[in-house]
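# Per-entry structural report
Given next are the chains, with one letter for each unit.
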Amino acid sequence: MTGRKKQTSTYPLRLPSSLKAAVREVSRRDGTSINQFVTTAVAEKLSAMRTADFFAERGAEADIEAARRILRREGGEAPVPEDRR
């Protein structure tokens, strides 16, 4: 590690009082600061959105007929009833 400090920026965040109180309580129980809680929540949301975008893009490129051919090929076992949902 080069010892360089991570760059950060500030953003004045306005939260309804009830939401801030809930965040304060959860972060207190978790042993983190409100800032750390909000930062983690934003990072998790971005990750979920990027993951959804990734799978949507991959799905758009899918060859459904090729997948069906693979599923119909000889060998293996038939799906159990629970897998047919």
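Predicted model only: the values in this text are computed from it and were never measured. (Residues numbered from 1 in each chain as written. Predicted model: local features only at pLDDT ≥ 70, side-chain atom pairs only at ≥ 80, totals over all residues. Heavy atoms only, no water.)

### What about the pattern of salt bridges?
Considering all chains together, one arrives at three salt bridges under this definition. Between Glu-25 and Arg-28 there is a salt bridge, with its nearest N and O atoms 2.6 Å apart. Note that Glu-25 and Arg-28 are positioned in helix 1 (residues 17-30) at a spacing of three residues, about one turn of the helix. By relative accessible area, Arg-28 is classed as exposed at 53%. For Glu-25, a relative accessible area of 33% puts it in the partly exposed group. (Salt bridge = Lys/Arg side-chain N within 4 Å of Asp/Glu carboxyl O. Helix = DSSP H or I, 4+ residues; strand = E, 2+ residues; numbered from the N terminus. Buried < 20%, exposed > 50% of the residue type's maximum accessible area, 1.4 Å probe, protein only.)

### Looking at the packing of aromatic side chains
Applying the stated criterion across every chain, the model contains one aromatic pair. With centroids separated by 5.1 Å and ring planes inclined at 80°, the aromatic side chains of Phe-54 and Phe-55 adopt a geometry described as edge-to-face. (Phe/Tyr/Trp six-rings, centres within 6.5 Å; stacked < 30°, edge-to-face > 60°.)

### Description of a nonpolar patch on the surface
A cluster of nonpolar side chains, namely Tyr-11, Leu-13, Leu-15 and Leu-19, defines an oily patch on the protein surface of about 420 Å² accessible area. Counting through the fold element by element, Leu-15 comes out in the segment before helix 1. Assessed through its relative accessible area of 32%, Leu-15 is described here as partly exposed. (Patch = residues over 30% accessible without salt bridge, like charges linked within 9 Å, V, L, I, M, F, W, Y side chains within 5 Å. Areas by Shrake-Rupley, 256 points an atom, 1.4 Å probe, with all protein chains shown as cover.)

### A word on the layout of surface pockets
In this structure, the largest pocket encloses a volume near 360 Å³. Surrounding the largest pocket, Ser-9, Thr-10, Tyr-11, Leu-13, Leu-15, Lys-20, Ile-34, Asn-35, Val-38, Thr-39 and Val-42 form its lining. In terms of residue count, the dominant contributor to the lining of the largest pocket is helix 2 (residues 34-60) (five residues). Partitioned by chemical class, the residues of the lining of the largest pocket number six nonpolar, four polar and one charged. (1 Å grid on protein atoms, 1.4 Å probe; cavity = no way out; pocket = protein on both sides within 12 Å on 5 of 7 lines; lining within 4 Å. Points joined across faces, edges and corners; volume = space filled by probe spheres on them. Nonpolar A, V, L, I, M, F, W, Y, C, P; charged D, E, K, R; others polar.)

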